[in-house]
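Results of the structural survey
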Amino acid sequence: MEVVGEGADPRVRMWAPACQAVALLLGPYAEVVLHDPDADKVLAIWNPMTSRGPGDPSRLGELDALDPSALDVFGPYEKLLADGRRLSSVSAVLRDADGKASAVLCVNLDRTPLEQAAAVLSAFGAPTVARPEPLFEQDWSERIQHIVGAYVRECGRPVERLTRQDRLTVLDRLDEAKVFAVRRAAPVVAGVLRVSRSTLYGLLAELRASNAKDKTS
C-alpha cells in the first residue's frame, strides 16, 4: 500500500490509522485522500490512483453542490478517471472538538473489478438461445419444474406463498402441457407446489369443473 504525505501535520497523525484501515480493507481498489478544507489542498493520500500528492489542489468546491446523505457525509457519487474507470466516491467532513471542519476524508472506490465480475456473471447466467424443447418433451418432471418456476418468476412470489388462484393458474398451465396425462405426475406436482395430494386433487377438480363450465356457457 503506497502512502503519500504521512508526516508531521497533526490532522494526518490523528486520522492516518482510520485512513490506512480503509485503504487496507478496500485496497488496491480504493484511493483514500485527506484534504485540508481551509487551504483546499491534499494533506495525505493512500493508494493514489492519479499523480496528485500532498500540496496539490483539492478542489473541494464540488462538495458544495452535493446534498449530504448524512450529517457531514456526501455520496456515494460517481467520478470518472481519464482512463475511463468509474469510481464510487464518498466524502466526510471531519470536525475538531470545537465543531470546526478540520479535514475532509474522501474514499474513491474503483468499480472496474465489480463491473467485470457482473459482466462475467451475466454472461454465464443469461441463455443465448431459446430452450430446445425436443430435449425436454419426454421429461415430464423437467416440464413441471420449468412451468412452476416460470410462474414463480412471473408473479414474484415463492412457491410457499402462492395463493389459491396462483395454484389454479399453474395447474391450468400444467394441464395444457399434458403433464397430468403421465402416471405418477400428480404426487410430483404436489411436492413441487408444496401442497398435500388431497389439496392438489381438490384444486384439479375445481379447475376442471370451471373449465367445463366455461366451455358450455
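Residues numbered from 1 in each chain as written. Predicted model: local features only at pLDDT ≥ 70, side-chain atom pairs only at ≥ 80, totals over all residues. Heavy atoms only, no water.

Right, let's get into the overall build of the chain. When helices and strands are counted, the chain shows 6 helices and 7 strands. Secondary structure of the chain in N-to-C order comes out as β-α-β-β-β-β-β-β-α-α-α-α-α. The proportion of buried residues among the 217 residues of the chain is 32%. In the chain, the share of contacts with a sequence separation of at least 24, taken over all contacts with a separation of at least 6, comes to 42%. When the accessible surface of the chain is totalled, it reaches about 13,400 Å², and 56% of it is carbon and sulfur. (Helix = DSSP H or I, 4+ residues; strand = E, 2+ residues; numbered from the N terminus. Buried < 20%, exposed > 50% of the residue type's maximum accessible area, 1.4 Å probe, protein only. Contact = heavy atoms within 4.5 Å. Areas by Shrake-Rupley, 256 points an atom, 1.4 Å probe, with all protein chains shown as cover.)

Before going further, it helps to spend a moment on the confidence of the model for the chain. Regions with low pLDDT should not have their predicted coordinates read in detail. When pLDDT is averaged across the chain, the result is 85; 84% of the residues are at 70 or more. The least confident element of the chain is strand E1 (residues 3-4), whose mean pLDDT is 57; the most confident is strand E2 (residues 30-36), at 94. (pLDDT = per-residue confidence, 0-100.)

As enumerated under the stated definition, the model contains 15 salt bridges in all. Among the ionic pairs, Glu78 bridges to Arg111, the shortest N-O distance being 3.3 Å. Of this pair, Glu78 sits in strand E5 (residues 73-80) while Arg111 sits in the loop between strand E7 (101-110) and helix H2 (112-125), and the two are 33 residues apart along the sequence. Between Arg86 and Glu115 there is a salt bridge whose closest N-O contact spans 2.8 Å. (Salt bridge = Lys/Arg side-chain N within 4 Å of Asp/Glu carboxyl O.)

Two faces, one strand: in a regular strand the side chains alternate between the faces of the sheet. Burial analysis of strand E3 (residues 41-46) places 5 of its 6 residues in the buried class, the great majority of the element. Relative to E3, E2 runs antiparallel, the two being bridged by 5 bridges. Each residue of the ladder has a partner; that of Asp36, found in E3, is Lys41. Here E2 folds back onto E3 in antiparallel fashion, the turn holding 4 residues, of which Asp40 has a positive phi close to 55 degrees. (Pairing = 2+ DSSP bridges.)

Now for the nonpolar core. When a protein is soluble and globular, its nonpolar side chains tend to lie buried together. The biggest cluster of nonpolar side chains holds 24 residues, and the ones touching the most others in it are Ile144, Val148, Leu171, Leu174, Val189, Leu193 and Leu200. Elements with a contribution of two residues or more to this core: helix H3 (140-155), helix H4 (164-176), helix H5 (185-193) and helix H6 (197-216). Per-element accounting of this core gives the leading share, 6 residues, to H5. Counting 14 residues, the second largest nonpolar core, distinct from the first, contains Val12, Ala16, Leu43 and Trp46. (Core = buried A, V, L, I, M, F, W, Y, C linked by side-chain atoms within 4.5 Å.)

Here the focus is H3. The first and last C-alpha atoms of H3 sit 23 Å apart over 16 residues, in line with the 22 Å expected at 1.5 Å per residue. Regarding H3, the residues found buried are Arg143, Ile144, Ile147, Val148, Tyr151 and Val152. What you see down the axis of H3 is that its buried residues fit within an arc of 165 degrees, all on one side. In the stretch just after H3, Gly156 is the one whose phi turns positive, near 80 degrees. (Expected span 1.5 Å × (residues − 1). Arc of directions from axis to C-beta.)

As a packed pair, H3 and H5 sit with axes 10 Å apart at the nearest point and diverge in direction by 35 degrees. Helix-helix and strand crossings are classified by hand; for H3 and H5 the assignment is right-handed. Note on element contacts: H5 touches H3 through Ala185, Val188, Val189, Val192 and Leu193, opposite Trp140, Ile144, Gln145 and Val148. Looking at side-chain class alone, the contact of H3 with H5 contains 8 nonpolar, 1 polar and no charged residues. (Axes fitted to C-alpha atoms, helices over the stretch in contact; angles between N-to-C directions. Left-handed = near helix turned anticlockwise from the far one by under 90°. Nonpolar A, V, L, I, M, F, W, Y, C, P; charged D, E, K, R; others polar.)

Now for the pairing of E2. Counted residue by residue, E2 has 7 buried out of 7 residues, so it is predominantly covered. Side chains of E2 alternate between two faces, with Ala30, Val32, Leu34 and Asp36 and Glu31, Val33 and His35 buried alike. Note: E2 against E7, 6 bridges, orientation antiparallel. Its bridge partner being in E7, Ala30 is matched across the sheet by Leu109.

In a regular helix each residue adds 1.5 Å, so 17 residues correspond to 24 Å; helix H1 (residues 10-26) covers 25 Å between its end C-alpha atoms and thus fits that length. Its axis deflected by about 50 degrees at Ala16, H1 carries its strongest bend there, up to four residues before the proline Pro17. Taken residue by residue, H1 has Arg11, Val12, Ala16, Cys19 and Ala23 as its buried positions. N-capping of H1 is provided by Asp9, with a side-chain oxygen placed 2.8 Å from the backbone N of Arg11. (Bend = angle between axes of the 7 residues up to and from the residue. Polar contact = N/O pair within 3.5 Å; in protein donor to acceptor, adjacent residues only side chain to side chain.)

Our next topic: the side chain of Ser102. Note that Ser102 resides in strand E7. On the accessibility criterion, Ser102 (17% relative accessible area) is buried. Excluding residues that lie within four positions of it along the chain, Ser102 makes contacts with Arg11, Pro37, Leu94, Arg95 and Asp96.

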